[in-house]
Amino acid sequence: MSATQQLDAIAAHIAALNGGGGGSVTTLSNDARASAELLGALPPRYSEVLLNLLDRLESSALFSEESCSFSQKDLLDNLQVWIDKARGQLVS
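Worth saying up front: this structure is predicted, and the values here are computed from it rather than measured.

Undergrad: How should the overall build of the protein be read in this particular structure?
TA: Of regular secondary structure, the protein possesses five helices and zero strands. Secondary structure elements of the protein, listed N to C terminal, follow the sequence α-α-α-α-α. Its C-alpha atoms give the protein a radius of gyration of 13 Å, near enough to 12 Å, the size a compact globule of 92 residues would have. Principal-axis analysis of the C-alpha atoms places the extent of the protein at approximately 40 × 25 × 20 Å. Burial statistics for the protein: of 92 residues in total, 33% are counted as buried.

Undergrad: Where do I start with the pattern of salt bridges in this structure?
TA: Scanning the entire structure with this criterion turns up four salt bridges. A salt bridge links Arg87 to Asp8, with the nearest nitrogen and oxygen atoms 2.8 Å apart. Residue Arg87 is located in helix α5 (residues 72-91), and its partner Asp8 is located in helix α1 (residues 3-19); the two are separated by 79 residues in the primary sequence. For Arg87, a relative accessible area of 30% corresponds to the partly exposed category. We classify Asp8 as partly exposed; its relative accessible area is 37%. With a closest N to O distance of 2.6 Å, Arg33 and Asp55 form a salt bridge. Placement of Arg33 in helix α2 (residues 25-33) and of Asp55 in helix α4 (residues 44-61) is noted, with a sequence separation of 22 residues between them. Overall, the relative accessible area of 38% leaves Asp55 in the partly exposed class. Sharing partners across several salt bridges, the network here consists of Arg33, Asp55 and Glu58.

Undergrad: Explain α5 here, please?
TA: Note on helix geometry: an α-helix contains 3.6 residues per turn, so any two residues three or four positions apart are oriented the same way. The end-to-end C-alpha separation of α5 is 29 Å, in line with the 28 Å expected for 20 residues at 1.5 Å each. Each element contacted by the buried residues of α5 is listed here: α1, α2, α3 (36-41) and α4.

Undergrad: I would appreciate a short explanation of the packing of α2 against α4 in the present structure.
TA: Angle between the axes and distance between the axes are the two parameters that describe a pair of packed helices. Contact geometry of α2 with α4 gives a least axis separation of 10 Å together with a crossing angle of 160°. Taken together, the axes of α2 and α4 are roughly antiparallel relative to one another. Note on packing geometry: the crossing formed by α2 with α4 is left-handed. Together, Val25, Leu28, Ser29, Ala32 and Arg33 of α2 and Leu50, Leu51, Leu54, Asp55, Leu57, Glu58 and Ala61 of α4 make up the contact between the two elements. Grouping the constituent residues of the contact of α2 with α4 by class yields eight nonpolar, one polar and three charged.

What counts and how
- Residues numbered from 1 in each chain as written.
- Predicted model: local features only at pLDDT ≥ 70, side-chain atom pairs only at ≥ 80, totals over all residues.
- Heavy atoms only, no water.
- Helix = DSSP H or I, 4+ residues; strand = E, 2+ residues; numbered from the N terminus.
- Rg over C-alpha atoms; globule rule 2.2 N^0.38 Å.
- Buried < 20%, exposed > 50% of the residue type's maximum accessible area, 1.4 Å probe, protein only.
- Salt bridge = Lys/Arg side-chain N within 4 Å of Asp/Glu carboxyl O.
- Expected span 1.5 Å × (residues − 1).
- Contact = heavy atoms within 4.5 Å.
- Axes fitted to C-alpha atoms, helices over the stretch in contact; angles between N-to-C directions.
- Parallel < 35°, antiparallel > 145°, perpendicular 65-115°, else oblique.
- Left-handed = near helix turned anticlockwise from the far one by under 90°.
- Nonpolar A, V, L, I, M, F, W, Y, C, P; charged D, E, K, R; others polar.

This is the structure in structure tokens:
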């Protein structure tokens with residue numbers, strides 16, 4: 001799978017979680033962490049940021065929204081920003 005295809009797959013997971021159309025944080029996280037082609041095509045700081053966001057998203061999934069210091073919606077929004085910036089890096 002190409003870097004762009006891996007990025008599109010991650011974006012689809014985020015859209016499914018944001019839209020309430022199913023999907024799971026675990027699937028998103030596992031697929032994103034396994035996207036070696038994508039992470040290799042981006043500058044190293046992108047991997048750092050992605051892994052940090054995924055760690056926090058996984059933590060938020062363990063608790064109800066009220067008891068967790070990480071808002072799952074905000075983390076998904078931040079992941080979407082990461083997707084947009086990563087896409088810009090891939091096309092440049």
